[in-house]
Amino acid sequence: MGHAQIFQPFYIKFLVFLTVVGGTLLISSIVASIYTDKAWYEGNERPDFAPEAWVIAPVFTISFLMEALGAWFVWYAMGIRHSAPYLLVYACQLACTVAWFPVFFGYGFTMAGTVVLIGSWTLTVLTLISFSRVTWLSAVLIVFPVGWKTYCLSWAMWIMIKNPGR
């Protein structure tokens, strides 16, 4: 067996790691940055516990990073064939979370945005449960995103109730 063949699986897994984590961060960060309308958000009546507008995109970026790492650990532990159902749940919650930014912040649809965030939160909890069946580390990495989305849901509902009309 040649020297290159011994390291090939790690090399491939590392490239997948870079693709999954880098792609997730790039796409989600761009969407979060573009669609976080600071003027709209700060112009609404908000609860005292709501974060400042500048905090939202960076914290979601950290959340997306943790989710991507968890997904990679699942793929690494199981391979693509066996991890596909788990990664499908992850991909759905990621799409739902990324969709929240344009709906809630970009267009100011507070009710629709809250519904999207409820869906995202539910799918994130399902991701945590499914990842916990594979590795404890991948499940632990999803705990922060569940907590962050729970926090976001609390102030998003408050904004929806106090700023009716959209």
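Preceding block: the structure.
A few points on the structure. (Residues numbered from 1 in each chain as written. Predicted model: local features only at pLDDT ≥ 70, side-chain atom pairs only at ≥ 80, totals over all residues. Heavy atoms only, no water.)

1. Section: the side chain of Asn163
(1) Moving on: The topology assignment puts Asn163 in the segment after helix H5 (136-162).
(2) Moving on: By relative accessible area, Asn163 is classed as buried at 16%.
(3) Moving on: A distance of 2.8 Å separates a polar atom in the side chain of Asn163 from the backbone oxygen of Glu45.
(4) Moving on: Apart from residues lying up to four places away in sequence, Asn163 is in contact with Asn44, Glu45 and Thr110. (Helix = DSSP H or I, 4+ residues; strand = E, 2+ residues; numbered from the N terminus. Buried < 20%, exposed > 50% of the residue type's maximum accessible area, 1.4 Å probe, protein only. Polar contact = N/O pair within 3.5 Å; in protein donor to acceptor, adjacent residues only side chain to side chain. Contact = heavy atoms within 4.5 Å.)

2. With respect to the nonpolar core
(1) Moving on: Counting residues in each nonpolar core, the largest one holds 36 residues, and the members touching the most others are Tyr41, Phe60, Trp100, Phe101, Phe104, Phe105 and Trp155.
(2) Moving on: Not counting chain neighbours up to four residues away, the residues in contact with Trp155 comprise Tyr41, Pro47, Phe49, Ala50, Pro51, Ile56, Trp100, Phe104 and Phe105. (Core = buried A, V, L, I, M, F, W, Y, C linked by side-chain atoms within 4.5 Å.)

3. Looking at helix H4 (residues 110-132)
(1) Moving on: Taking 1.5 Å per residue as the helical rise, H4 with its 23 residues ought to reach 33 Å, and the 32 Å between its terminal C-alpha atoms agrees with that figure.
(2) Moving on: Of the positions making up H4, those classed as buried are Thr110, Gly113, Thr114, Val116, Leu117, Ser120, Thr124, Thr127, Ser130 and Phe131.
(3) Moving on: Among the structural elements, helix H2 (38-43), helix H3 (53-106) and H5 are those in contact with the buried residues of H4. (Expected span 1.5 Å × (residues − 1).)

4. Digging into H3
(1) Moving on: Helix length check: H3 (54 residues) gives 13 Å between terminal C-alpha atoms against 80 Å at 1.5 Å per residue, more than 12% under.
(2) Moving on: The first or second residue beyond H3 is Gly108, which carries a positive phi of 70°.

5. Considerations on the packing of H3 against H5
When two helices pack together, you describe them by how their axes are tilted relative to each other and by the distance separating the axes.
(1) Moving on: The contact between H3 and H5 brings their axes to 11 Å, and the two run at 25°. The angle between H3 and H5 falls in the class roughly parallel. The way H3 lies across H5 gives a crossing that is left-handed.
(2) Moving on: Each residue belonging to the contact of H3 with H5 can be placed in one class, and the counts come to 21 nonpolar, 5 polar and 2 charged. (Axes fitted to C-alpha atoms, helices over the stretch in contact; angles between N-to-C directions. Parallel < 35°, antiparallel > 145°, perpendicular 65-115°, else oblique. Left-handed = near helix turned anticlockwise from the far one by under 90°. Nonpolar A, V, L, I, M, F, W, Y, C, P; charged D, E, K, R; others polar.)

6. Looking at the state of the cysteines
(1) Moving on: Here the structure, examined in full by the defined rule, presents 0 disulfides.
(2) Moving on: Cys96 provides the cysteine sulfur closest to Cys92, a residue in no disulfide bond, and the two sulfurs are 8.7 Å apart.
(3) Moving on: Given the relative accessible area of 38%, Cys92 is considered partly exposed.
(4) Moving on: Taking the relative accessible area as the measure of exposure, Cys96 reaches 18% and is therefore buried. (Disulfide = S-S within 2.5 Å.)

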